[in-house]
Amino acid sequence: MAIQAVIFDADGVVVFPWRFARYLEQEHNITPEMTRAFFRGVFEDCLVGKADLEVVLPPFLSSWGWPQSTDDFIAAWLEVENAVDERVVEVIRALRRSGLACCLATNQEENRAQYMRWEMGFSEVFDRLFFSHRLGRQKPDHRFYGLIEESLGLTGPEILFWDDAAMNVRAARECSWNAELYAGFESFQRKLAEYLE
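Now for a quick tour of the structure. (Residues numbered from 1 in each chain as written. Predicted model: local features only at pLDDT ≥ 70, side-chain atom pairs only at ≥ 80, totals over all residues. Heavy atoms only, no water.)

**Details of the overall build of the protein chain**
Move 1: Of regular secondary structure, the protein chain possesses 13 helices and five strands.
Move 2: Along the first, second and third principal axes, the C-alpha atoms of the protein chain reach 55 × 30 × 25 Å.
Move 3: The burial tally for the protein chain puts 48% of its 197 residues in the buried class.
Move 4: Long-range pairs, those at least 24 residues apart, make up 65% of the contacts in the protein chain between residues at least 6 apart in sequence.
Move 5: Counting only carbon and sulfur atoms, one obtains 47% of the accessible surface of the protein chain, whose full area is about 9700 Å². (Helix = DSSP H or I, 4+ residues; strand = E, 2+ residues; numbered from the N terminus. Buried < 20%, exposed > 50% of the residue type's maximum accessible area, 1.4 Å probe, protein only. Contact = heavy atoms within 4.5 Å. Areas by Shrake-Rupley, 256 points an atom, 1.4 Å probe, with all protein chains shown as cover.)

See the structure below:
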């Protein structure tokens, strides 16, 4: 069955990943060990729309010794992680010109989702944007993939998915999607060409 839509993860595929952790440690001596309880805890609720980042974050900022406001923390986070790989964006534009739909499917809370949509320009880069906080599920939950299929009106074999997390690729394949691990731009180009021959 021919590919009708190509779906991309954000961080690690379209966006260079995880710069904020390095920023926090270098600029504010806030280490990944200090933030782990937040990101593996209540932040998970933010990713599926069950908690508001601006509400749950302040107690953690206080314990980390963050010197500024909650708004300042969120603004720094969004700015530091605004690192789009323009090479991938150019491929997406070419795919859309060829008639393929291109979508983003990413685990994001509301603040960063809106930032991606408008400040990072993803509302123009992609045909559709699928954010976990809106879907109420996140990868690798099978329902995440099912909701996207339903919204697009496509079946798994008509979709090609790229993610840098093996568990997300594995889950997509379990949902009958064509799914590949993103491990660098050059290998991505080669594998994409094989699918579209």
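This is not the end of the story, as more comes after the structure.
**Side note on the nonpolar core**
Move 1: The biggest cluster of nonpolar side chains holds 50 residues, and the ones touching the most others in it are Phe-8, Val-14, Phe-122 and Phe-126.
Move 2: With six residues, the top contributor of residues to this core is helix α6 (residues 70–80).
Move 3: With residues up to four places along the chain from it excluded, the contact list for Val-14 reads Phe-8, Asp-9, Ala-83, Val-84, Asp-85, Val-88, Val-89, Ile-92, Leu-104, Phe-122 and Phe-126.
Move 4: Counting residues in hydrophobic clusters, the runner-up holds 17 residues, among them Ala-5, Cys-103, Ala-171 and Ala-179. (Core = buried A, V, L, I, M, F, W, Y, C linked by side-chain atoms within 4.5 Å.)

**Some details on the environment of Tyr-195**
Move 1: Residue placement: Tyr-195 occurs in helix α13 (residues 185–196).
Move 2: For the pair Tyr-195 and Ala-105, spaced 90 residues apart in the sequence, the C-alpha separation amounts to 20 Å.
Move 3: If we ignore the near neighbours within four places in the chain, the residues touching Tyr-195 are Leu-160, Asn-178, Ala-179 and Glu-180.

**Focus on the packing of aromatic side chains**
Move 1: The tally for this structure, following the rule as stated, stands at 24 aromatic pairs.
Move 2: A centroid spacing of 5.3 Å and a plane angle of 80° characterise the contact between Phe-39 and Phe-43, whose relative ring orientation is edge-to-face.
Move 3: Taking the relative accessible area as the measure of exposure, Phe-39 reaches 23% and is therefore partly exposed.
Move 4: Since its relative accessible area comes to 10%, Phe-43 is described here as buried.
Move 5: Here Tyr-145 and Phe-161 contribute two aromatic rings whose centre-to-centre distance is 5.9 Å and whose plane-to-plane angle is 85°, an arrangement assigned as edge-to-face. Placement of Tyr-145 in helix α11 (residues 142–152) and of Phe-161 in strand β4 (residues 159–163) is noted, with a sequence separation of 16 residues between them.
Move 6: Assessed through its relative accessible area of 0%, Tyr-145 is described here as buried.
Move 7: Ring pairs connect the aromatic residues Phe-20, Tyr-23, Phe-38, Phe-39, Phe-43, Phe-60, Trp-64, Trp-66, Phe-73 and Trp-77, which therefore count as one cluster. (Phe/Tyr/Trp six-rings, centres within 6.5 Å; stacked < 30°, edge-to-face > 60°.)

**Regarding the sheet that holds β4**
Move 1: With respect to topology, five strands assemble into an open sheet ordered β3-β2-β1-β4-β5, the strand pairing being parallel. Because the sheet does not close on itself, it has two edges, and the strands there are β3 (128–131) and β5 (178–181). Between one strand axis and the next, the sheet turns by 20° as a mean value, whatever way the strands run.
Move 2: Where strand β1 (residues 5–8) lies against strand β2 (residues 101–106), four bridges are found, and the strand directions are parallel. Paired with Phe-8 across the bridge in β2 is Leu-104.
Move 3: Here helix α7 (residues 86–97) sits on the sheet in contact with β1 and β2, set at roughly 160° to β1.
Move 4: Docked against the sheet, α13 engages β1, β4 and β5, running at close to 170° with respect to β4. (Pairing = 2+ DSSP bridges. Axes fitted to C-alpha atoms, helices over the stretch in contact; angles between N-to-C directions.)

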